[in-house]
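Next come the chains, spelled out residue by residue.
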Amino acid sequence: MVEKSSARLLRQRSCGTIVAVGLLASVLFLGAVGFWRPAVGIPSALAQEATSSSWSAATSCHAVVLTLEQFLGKVPNPNQTQPNVGADYSGGALSLEGSKPSGTTPSSAAWPYSKRSTNPPCTVTLTNGTVLPTLVEIHHIKIATPISLDECGTVFPGQCDATFNACNADLAPNCSSTYPDTMHKVHMEIDMHWNESGIAPTHPTAGSIIDIQGFVFWDDGHVIDAWHSFSGWEVHPLSAWRPSTPDFTMSANPKSLTFQTGSSGASTVKLSSQNGFAGTLSLSVSAPTVVTTSINPASATLTPGTSFSATLKVSSSTVGSYTVTVTGTNGSISHSVNVGLNVTSPPDFAVSASPSSLSIPLGSSGTSTILLTSLNGFSGNLTLTAAATGSISLDSPTASLSPSAVSLSANGTGTSTLTVSTSLLTTPWTYTVTVTASSGTLSRSTAVTVTVTLL
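This next bit is on the overall build of the protein chain. A count of helices and strands for the protein chain gives five helices and 29 strands. For the protein chain, the C-alpha radius of gyration of 35 Å lies well beyond 23 Å, the compact-globule estimate for 455 residues. For the C-alpha atoms alone, the extent of the protein chain along its principal axes is close to 115 × 55 × 40 Å. Across the 455 residues that make up the protein chain, the buried fraction comes to 44%. Here the analysis covers contacts within the protein chain between residues at least 6 apart in sequence; of these, 69% occur between residues at least 24 apart. Accessible surface for the protein chain amounts to roughly 20,300 Å². Of this, 54% is attributable to carbon and sulfur atoms. On the protein chain, the mean spot of the 16 positive side-chain charges and the mean spot of the 22 negative ones are 3 Å from each other.

Laid out in structure tokens, this is it:
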């Protein structure tokens, strides 16, 4: 690893007193201007995906698992000239100072926490209310050079920062300090404050392939430095690391499906090689008995750095909420992903009458209100008809509807007035008037009982 110049020492704190005063001033400043506030707000997708438990007992935060490229982003610094180009702040996944135009170099003093902190916050809420995680987990990265001990004794006697660069072992195996390797490379530090507190991880070995967890930081003082990959992004403090072992990941998109009975839904299940994994994966699906499922393909072979997608199809004729689990297996390695189902009834409507029975003297009439109700989001035009059935009569009761067509909005209601009339020639009897509402092939009916009485 290229040695850090003495200029960096001038840009860093020179003693513990200066650090403490600087941190206090930064906290007071950030609180005053509103750059930092407690973690309350709208969790971002990354915050919701921060579910990996900490490997270090020093923090209870949960890490978001990202590739090195997701962490750094794909935006080269537009103010730099190749080959001395690194990852711009604007492309980073965890931009804890908020969104900035491309080419902007935020101030490290405005970062929500000090990179020297032994207890950084687990989340940060931006001024727009978006919540972002602070602990990142990156797999299968290569330690490029021997660990460099830096700034020894400047704060604590005998304590140093342990610094190194790490790169994507597959995309930038040479870990050079020029573009495009710089887009697959990041600076990391095991902080002296963590060493002094007895919570720092051990030092990894140069050339080893490891997985790491650490807190994200932007150091504006080293955007022009080759040893910092011409970028301010770094993982500092590094909280934990472990040897990288071959594995694979699974995800589903979408994670939840809503469809009607008699219909179906589909989700794409993605499986990706991690840490150089290679092998054949078998896929299986478990679901409630009322849910029918299929997965295609049911097996596939992964090579290092690759991924493949399978299509999960589901259907059910039973309304309800269900969970379908897709499991990928290779020998003793097994992972699963859940897809939530919400099976609903198809759009429909209901017809009812109030009152549902009428008593009408000969030569008179009576009315009933026909109520039409949208169900499950039904919307459309309904055509209404009415027919009377009953005793043989010289003059059967007549039925009319006003209006004879009703337009329903989704989850709305409509009414029509049913008028039943009799004449002096109508046979006193009990009749049934059936009111039918139709929309296309869908029709629903209700009955009104009509008793014709003598005068």
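Attention shifts here to the layout of surface pockets. Using a probe with the size of a water molecule, rolled over the atoms, empty space left in the structure can be pinpointed. Here the largest pocket defines a volume of roughly 1,500 Å³. Surrounding the largest pocket, 40 residues form its lining, Val65, Thr67, Gln70, Thr249 and Gln274 being those nearest its centre. Ranked by the residues each element gives to the lining of the largest pocket, the list is headed by strand β12 (residues 247–253), at six residues. Along the lines of polarity and charge, the residues of the lining of the largest pocket split into twelve nonpolar, 21 polar and seven charged.

One pass over the full model with this rule turns up three disulfides. Between the sulfur atoms of cysteine 61 and its disulfide mate cysteine 122 the distance is 2.0 Å. Its S-S torsion of approximately -85° makes the covalent link between cysteine 61 and cysteine 122 left-handed. With cysteine 61 in the loop between β2 (52–53) and β3 (62–65) and cysteine 122 in the loop between α4 (68–72) and β4 (123–125), this pair connects stretches of sequence that are 61 residues apart. Residue classification places cysteine 122 among the partly exposed positions, given a relative accessible area of 31%.

Moving on, we get to the confidence of the model for the protein chain. Averaged over all residues, the pLDDT of the protein chain equals 89, while 91% of them reach at least 70. Note that residues 1–39 has pLDDT below 50 and, in this model, 67 contacts with residues that lie over four places away or in other chains.

It is worth spelling out the packing of aromatic side chains at this point. Under the criterion given, the structure shown has ten aromatic pairs. With a centroid separation of 6.4 Å and an interplanar angle of 75°, the aromatic rings of tyrosine 113 and phenylalanine 215 are classed as edge-to-face. You can see tyrosine 113 sitting in the loop between α4 and β4 and its partner phenylalanine 215 sitting in strand β10 (residues 209–218), a full 102 residues away along the chain. Tyrosine 113 gets classed as buried once you look at its relative accessible area, which sits at 7%. Taking 5.1 Å as the distance between ring centres and 80° as the angle between the ring planes, the aromatic pair formed by tryptophan 218 and tryptophan 233 counts as edge-to-face. Remark: tryptophan 233 occurs in strand β11 (residues 233–243) and tryptophan 218 occurs in strand β10; sequence separation between them is 15 residues.

Attention now moves to the sheet that holds strand β20 (residues 333–344). Pairing is mixed in the open sheet, where five strands are placed in the order β13-β20-β19-β15-β17. Of all the strands in the sheet, the pair left with one neighbour each is β13 (256–260) and β17 (299–302). Across this sheet, the average inter-strand angle for adjacent strands is 25°, counted without regard to direction.

What follows is about the nonpolar core. In this structure, Phe71, Trp111, Met188 and Trp233 are the most contacted members of the largest nonpolar core, which totals 41 residues. At the level of elements, β3, α4, β6 (135–143), β8 (161–168), β9 (185–190), β10 and β11 are the ones that each hand at least two residues to this core. Among the elements that line this core, the one with the most residues is β10, at six residues. Those residues within four positions of methionine 188 in sequence are excluded, and the remaining contacts are Ile141, Ala162, Thr163, Phe164, Ala166, Ile212, Val235 and Leu238. One finds Leu271, Leu283, Phe308 and Val326 within the second-largest nonpolar core, a separate group that totals 25 residues.

Rules used in this analysis
- Residues numbered from 1 in each chain as written.
- Predicted model: local features only at pLDDT ≥ 70, side-chain atom pairs only at ≥ 80, totals over all residues.
- Heavy atoms only, no water.
- Helix = DSSP H or I, 4+ residues; strand = E, 2+ residues; numbered from the N terminus.
- Rg over C-alpha atoms; globule rule 2.2 N^0.38 Å.
- Buried < 20%, exposed > 50% of the residue type's maximum accessible area, 1.4 Å probe, protein only.
- Contact = heavy atoms within 4.5 Å.
- Areas by Shrake-Rupley, 256 points an atom, 1.4 Å probe, with all protein chains shown as cover.
- Lys, Arg positive; Asp, Glu negative; His and termini not counted.
- Charge placed at Lys NZ, Arg CZ, Asp CG, Glu CD.
- 1 Å grid on protein atoms, 1.4 Å probe; cavity = no way out; pocket = protein on both sides within 12 Å on 5 of 7 lines; lining within 4 Å.
- Points joined across faces, edges and corners; volume = space filled by probe spheres on them.
- Nonpolar A, V, L, I, M, F, W, Y, C, P; charged D, E, K, R; others polar.
- Disulfide = S-S within 2.5 Å.
- pLDDT = per-residue confidence, 0-100.
- Phe/Tyr/Trp six-rings, centres within 6.5 Å; stacked < 30°, edge-to-face > 60°.
- Pairing = 2+ DSSP bridges.
- Axes fitted to C-alpha atoms, helices over the stretch in contact; angles between N-to-C directions.
- Core = buried A, V, L, I, M, F, W, Y, C linked by side-chain atoms within 4.5 Å.

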